[in-house]
Amino acid sequence: MTTTFPDVTISTERLVLRPFEEEDVTALAEMMNDENITAWTSVPHPYTPADAHAWATRDSHTERAEGRGIVFAVTEFLTQRLVGIVHLRNTNWRTRATEVGYVTAPWARGEGYASESVLAVAQWLFREQAFERLELRTAADNTASQQVAQKIGCISEGVLRNAWTVRTQTADGGWTDTRTDLIVWSLLPEDLDEGDGYDGYDGYESYESHQSHDPRGGSAGHPGDAVAGQRSDAHGHPVGADRK
């Protein structure tokens, strides 16, 4: 049984989803220090260039090499600028099910990039990898992420009460943890068969296999693995939802 995803690049009309590279470090560090990403994820704050370097050159690749999932750097086709992350994680190879997390750079929001990239990954996952379930978990107040789930055809399955901690900003500019519910969403192959795209967008146009990136040794302990019995955010940290 296959227990790792192939090393691939997925292309859509506007985007290229590919493995992270060292050249992404500066843009990644800038993106992950955005206040919305700090609020909805458990990534370190401040998110340092060292954090970005470890993720881009080692830890994101180890996610795939060790069979936990696969990480895509989402870039604009025309500019090659980093617009976000799509991360399949908590993968169960026996049941062919996995969870998706995603973040979008602040400058790229409102363009539909999150929906376009997640839908393309879902189509690739179901059609090329024979998976049967894709799950999302969104913080109860993260309406932007919930809109992405709805836009690609996900079904809301219920609420996990008081299941996660988000961060809220204090008057002095610091951050404090706050408990929140999580909404569970799912997408199945037949859901895509019924809708198969949104607003005229039909998903991925092509994918390309290439040689695996060298994980460059070490573990994915930081930025972080999903801990047994615990979920991880789009950047690999234990989380219920990122989701902006």
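Model, not experiment: these values are computed from the prediction. (Residues numbered from 1 in each chain as written. Predicted model: local features only at pLDDT ≥ 70, side-chain atom pairs only at ≥ 80, totals over all residues. Heavy atoms only, no water.)

(A) Structural detail: the overall build of the protein. Each helix and strand in the protein was counted, giving 6 helices and 9 strands. The long-range share in the protein, meaning contacts at least 24 apart out of those at least 6 apart in sequence, stands at 72%. (Helix = DSSP H or I, 4+ residues; strand = E, 2+ residues; numbered from the N terminus. Contact = heavy atoms within 4.5 Å.)

(B) Fine view of a negative patch on the surface. Among the surface-exposed residues, Glu132, Glu190, Asp193 and Glu194 lie close enough to one another that they form a single negatively charged patch. Here Asp193 is to be found in helix α6 (residues 189–195). Take Asp193: its relative accessible area is 58%, and that puts it in the exposed class. (Patch = residues over 30% accessible without salt bridge, like charges linked within 9 Å, V, L, I, M, F, W, Y side chains within 5 Å. Areas by Shrake-Rupley, 256 points an atom, 1.4 Å probe, with all protein chains shown as cover. Salt bridge = Lys/Arg side-chain N within 4 Å of Asp/Glu carboxyl O. Lys, Arg positive; Asp, Glu negative; His and termini not counted. Charge placed at Lys NZ, Arg CZ, Asp CG, Glu CD. Buried < 20%, exposed > 50% of the residue type's maximum accessible area, 1.4 Å probe, protein only.)

(C) Representation of the pairing of strand β4 (residues 82–92) within the structure. The buried fraction of β4 amounts to 9 of the 11 residues, a majority that puts the element mostly inside the structure. Judged from the 6 bridges that link them, strand β3 (residues 70–76) and β4 form a sheet pairing that is antiparallel. Across the sheet, the residue bridging to Ile70 is Leu88, located in β4. Pairing of β4 with strand β5 (residues 97–104) involves 7 bridges; the strand directions are antiparallel. Considered in β5, the bridge of Arg89 is made with Glu99. Between the end of β4 and the start of β5, which pair antiparallel, lie 4 residues, with Arg96 showing a positive phi angle near 55 degrees. (Pairing = 2+ DSSP bridges.)

(D) Geometry of the confidence of the model for the protein. Scored by pLDDT, the protein has a mean of 85; 80% of the residues are at 70 or more. Contacts of residues 211–244 to residues separated by more than four positions or lying in other chains number 138 contacts, the stretch itself having pLDDT below 50. (pLDDT = per-residue confidence, 0-100.)

(E) Region of interest: helix α4 (residues 113–128). Helix length check: α4, at 16 residues, gives a terminal C-alpha distance of 22 Å against a target of 22 Å (1.5 Å per residue), a fit within 8%. With respect to burial, α4 is a largely interior element, 14 of its 16 residues being buried. Note on α4: the residue one or two positions beyond its end, Ala130, has a positive phi of about 60 degrees. (Expected span 1.5 Å × (residues − 1).)

(F) Geometry of the packing of aromatic side chains. Scanning the model with the defined rule gives 5 aromatic pairs in all. For the ring pair Phe5 and Phe131, a centre distance of 5.3 Å and an interplane angle of 35 degrees mean the geometry is tilted. Here the residue Phe5 occupies a position in the segment before β1 (8–11), and Phe131 occupies one in the loop between α4 and β6 (133–139), the gap between them amounting to 126 residues. Across the pair, Phe131 and Phe5 agree in class, each one buried. Here the aromatic cluster, defined as three or more aromatic residues joined through ring pairs, consists of Phe5, Phe72, Trp93, Trp124 and Phe131. (Phe/Tyr/Trp six-rings, centres within 6.5 Å; stacked < 30°, edge-to-face > 60°.)

(G) Just the pattern of salt bridges, in detail. Summed over all chains, the structure comprises 11 salt bridges. The salt bridge involving Arg18 is made with Asp24; its shortest N-O contact spans 2.8 Å. Arg18 sits in the buried class, given a relative accessible area of 13%. Of the residues examined, Asp24 reaches a relative accessible area of 6% and is grouped as buried. A salt bridge links Glu157 to Arg133; the shortest N-O distance between them is 2.8 Å. Within this pair, whereas Glu157 is found in strand β7 (residues 155–169), its partner Arg133 is found in strand β6, the two being separated by 24 residues in sequence. On the accessibility criterion, Glu157 (44% relative accessible area) is partly exposed. The exposure class assigned to Arg133 is partly exposed, which follows from its relative accessible area of 23%.

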